[in-house]
Each structure stands twice: as structure tokens, then as C-alpha cells.
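# Commentary on secondary and tertiary structure
The primary structure of each chain is shown beneath.
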Amino acid sequence: MASATRSSLPTGRMQRDGDGRTAIPYLFRMASPEIEALTQALARLPGLGPRSARRAVLHLLKKRETTLTPLLRALDAVSERLATCGVCGNVDTSDPCTVCTDPRRDARMLCVVEEVADLWALDRSRLFPGRFHVLGGRLSALEGVRPEDLAIDGLLRRLEGGGIDEVVLAMNATLEGQTTAHYLTERIERFPVRLTQLAHGLPVGGELDYLDEGTLAQALRARRPVG
Ligand SMILES: [Zn+2]
């Protein structure tokens, strides 16, 4: 609709401007600055847009005792003690993290992942009994990410420490992920460990964090020796 044909009287309905974008007819404040700030903070979270954030805020305000208060306490506790694990690179409220200190985990198995999100995704599957190592990214010529930018030295130090029988390379099935796996294979070859990687049941271009647990579980089960 051309702007010249737009009625000069506010209709209260959403209108299209000349570019076809939705125009907001009124600029009344919907809530106090505090509530607006809370909504905007929530809207910045992944998976939440402004509408979901507003819905969440309304829920928090209406169910103060059961949602707002526990959320505040939990946020406060996490924010106080937030730490990056000096051993594996996981994010937790203790260093070493819960994964590294859990005696039920098999310390002889080590799964190498790109990001903390991948560690959490694999751990959700509950199919890997060992420990993890987070690289903090993947090699990328395009983005200028070099081996020294990743936690590779820390990984090699863990292997030098001994006691590890198997290293599972769980990189994303992307070009960068596979380049990283190839590079790691060359660096790890000199250690007396069984080197495996996730089977390519992973979709090409797929990222671990976005996969359903069934696909992830199958890829982990079908891991195979490298080379
Ligand atoms: Zn850890």
C-alpha cells in the first residue's frame, strides 16, 4: 500500500508502510521501564523473541512465588560461582567441573568437542560414559582460527598424563569440523590411544547442538576408528 493512500486517522490496525514492513500505529508504553528492561533482557536469549519474552515476563509476574523467586535465587547462585573448568573447558559453578570430578565416569575415555553446547548435547544422550575436552571452536581459515587459538595444548597435556585409552573426536559434520578432526588426528597419532570419530550418520552441515537425541545416539554408537 502506498503511503499516500494511508488514512490520516489512526485505525488501531497494523498497517503496511511503503517498504511492506509492519508499521506500529501507536507508541504508548506497555509497561514500566523495569519490566521493559526485563523483557528486553529475556528477548536477547537464544530461542526467545520479543513475544515469547513478554509471555515469560507475564508468567513470572503472575507466579511470583513459584517462578520469579526461584529463578532469581538460581541466577544469583550461578552468577556468583560461574567458572570455566581448567581441565576440560566446560562451564559450571565449580573448577574442576562436575563432569571432571564425577567418579562414576570412565576416565579412560575422552570425547573431544568443539563447544560447551556440544558437550551438553552429547551428555544429554547419556550414552557416553567418559569425560570430555572442549576445544573452544574449530579451525577456520576463513575466520582466522588457528590451532593455537583452540585448547589443543591442554588436550595433548591430558594425553601425556596417561590413563586414557580412547579419544573420540566428536566434531561437527561441517568442513571446519572435519578439518579440525583431521588436524587432531595427526597430533594424537603418537599417543598409544584408540582414536575414533563420530560416524557420518550426522547430516552434512549439521551441528551437534541442533540434532535430536536419536540421531546423536546413533552417531555415537557407530563411531569408528580414524584413518
Ligand atoms: Zn571439566
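Attention here is on the structure that accompanies the text. Every value quoted in this text rests on a predicted model; they were computed, and no experiment measured them. Throughout, a residue's number is its position along its own chain's written sequence, starting from 1. Selection of residues for local features in this predicted model requires a pLDDT of at least 70, selection of side-chain atom pairs for listing and counting requires 80 or more, and totals for whole chains, interfaces and linings are taken over all residues. Neither water nor hydrogens contribute to the side-chain values; these are computed over all heavy atoms in the structure.

## Some details on the overall build of the chain
Secondary structure elements follow DSSP: runs of H or I of four or more residues count as helices, runs of E of two or more count as strands, with numbering from the N terminus. Of the regular secondary structure elements, the chain holds 8 helices and 9 strands. Counting over 227 residues, the chain shows a buried share of 35%. Put simply, of all contacts in the chain between residues at least 6 apart along the chain, 50% involve residues at least 24 apart. Note on areas: Shrake-Rupley, 1.4 Å probe, and residue coverage restricted to the protein chains presented here. With the model as given, the accessible surface of the chain reaches about 14,500 Å², and the carbon-plus-sulfur share is 55%. Categorising residues by exposure relies on relative accessible area from a 1.4 Å probe, with only protein chains included: less than 20% of the type maximum marks a residue as buried, more than 50% marks it as exposed, and the intermediate range marks it as partly exposed. Contacts were defined at the residue level, with two residues in contact if any of their heavy atoms lie within 4.5 Å.

## What about the pattern of salt bridges?
Two side chains that carry opposite charge are able to pair once their charged atoms sit near each other. By convention in these notes, a salt bridge is any Lys or Arg side-chain nitrogen within 4 Å of a carboxyl oxygen on Asp or Glu. Under the counting rule described, the total for this entry stands at 11 salt bridges. Residue Arg-108 is joined to Asp-106 by a salt bridge in which the shortest nitrogen-to-oxygen separation is 3.1 Å. Among the residues examined, Arg-108 registers a relative accessible area of 46% and is labelled partly exposed. Note that Arg-138 is salt-bridged to Glu-114, the shortest N-O span being 3.0 Å. Placement of the pair is Arg-138 in the loop between strand E6 (130-134) and helix H6 (152-160) and Glu-114 in the loop between strand E5 (106-113) and helix H5 (116-125), with a sequence separation of 24 residues. Using a relative accessible area of 23% as the deciding quantity, one classes Arg-138 as partly exposed. Salt bridges linked by common partners bring Glu-114, Glu-115 and Arg-138 together as one network.

## Description of the nonpolar core
Buried together is how nonpolar side chains tend to be arranged in soluble globular proteins. Throughout this description, the term nonpolar core refers to a set of buried Ala, Val, Leu, Ile, Met, Phe, Trp, Tyr and Cys residues connected via side-chain atoms within 4.5 Å. Judged by nonpolar contacts, the single largest core of 22 residues is most densely connected at Cys-111, Val-113, Leu-122, Phe-128 and Phe-132. Listed by contribution, the elements that provide at least two residues to this core are helix H4 (98-101), E5, H5, E6 and helix H8 (213-221). For this core, the leading source of residues is H5, giving 4 residues. Filtering out sequence-adjacent residues up to four positions away, Val-113 remains in contact with Asp-118, Leu-119, Leu-122, Phe-132, His-133, Val-134, Leu-135, Ala-170 and Met-171.

## Considerations on the coordination of the zinc ion
As a rule, N, O and S atoms within 2.8 Å of a metal are its donors, except that Na, K and Ca use 3.2 Å; water is not among the atoms, so sites may look incomplete. Looking at the zinc ion, one finds its protein donor set to be Cys-85 (SG), Cys-88 (SG), Cys-97 (SG) and Cys-100 (SG), positioned 2.3 Å from the metal centre. Each of the 4 donor atoms around the zinc ion contributes to a set of angles spanning 104 to 114°, which defines the coordination as tetrahedral. Square planar and octahedral assignments, for four and six donors respectively, both demand that opposite donors be over 155 degrees apart and that all other angles lie between 65 and 115; tetrahedral needs four donors with all angles between 85 and 135 degrees, and anything else is irregular.

## Looking at the sheet that holds strand E9 (residues 224-225)
Here 5 strands make up an open sheet; going across it, the order is E6-E5-E7-E8-E9 and the pairing mixed. The open sheet has two edge strands with one neighbour each: E6 and E9. In this analysis, strands are considered paired if DSSP registers two or more bridges between them. The sheet contact formed by E5 and E6 spans 5 bridges and is parallel. What sits directly across from Leu-110, in E6, is Arg-131. Across the sheet, H5 lies against E5 and E6, angled at about 160° from E6, the strand it touches most. Note on method: axes are straight lines fitted to C-alpha atoms, helices fitted across the in-contact stretch only, with angles between N-to-C directions ranging 0 to 180 degrees.

## A few points about unusual backbone geometry
Cis rather than trans, the peptide bond between Asp-95 and Pro-96 has omega equal to 0°. Mapping Pro-96 onto the fold places it in the loop between strand E4 (91-92) and H4. The phi dihedral of Arg-126 is positive, around 55°, even though this residue is not glycine. Inspection of the secondary structure puts Arg-126 in the loop between H5 and E6.

## Comments concerning the packing of helix H2 (residues 50-62) against helix H3 (residues 64-81)
Contact geometry of H2 with H3 gives a least axis separation of 6 Å together with a crossing angle of 110°. In terms of axis orientation, H2 runs roughly perpendicular to H3. Contact with H2, carried on its side by His-59, Leu-60, Leu-61 and Lys-62, involves Arg-64, Thr-67, Leu-68 and Leu-71 of H3 and no other residues of that element. Classification convention: Asp, Glu, Lys, Arg as charged; Ala, Val, Leu, Ile, Met, Phe, Trp, Tyr, Cys, Pro as nonpolar; all other residues, Gly among them, as polar. Grouping the amino acids of the contact of H2 with H3 by side-chain chemistry returns 4 nonpolar, 2 polar and 2 charged. In these notes the angle categories are as follows: under 35 degrees is roughly parallel, over 145 is roughly antiparallel, 65 to 115 is roughly perpendicular, and the rest is oblique.

## Digging into H3
Expected helix span is computed as 1.5 Å times (number of residues minus one). Across its 18 residues, H3 extends 25 Å between first and last C-alpha, which sits within 8% of the 26 Å expected from 1.5 Å per residue. Counting buried positions along H3 gives 1 out of 18 residues, so the element sits mostly on the surface.

## Side note on a nonpolar patch on the surface
Within this analysis, patches are made of residues with over 30% relative accessible area and no salt bridge. Like charges are joined at 9 Å or less; nonpolar side chains (Val, Leu, Ile, Met, Phe, Trp, Tyr) at 5 Å or less. Taken together, the side chains of Val-78, Leu-82, Val-91 and Trp-120 define a hydrophobic patch exposed on the protein surface, amounting to about 370 Å² of accessible area. Secondary-structure assignment places Val-91 in strand E4. For Val-91, a relative accessible area of 32% corresponds to the partly exposed category.

Distances and angles like these do not, on their own, reveal function.
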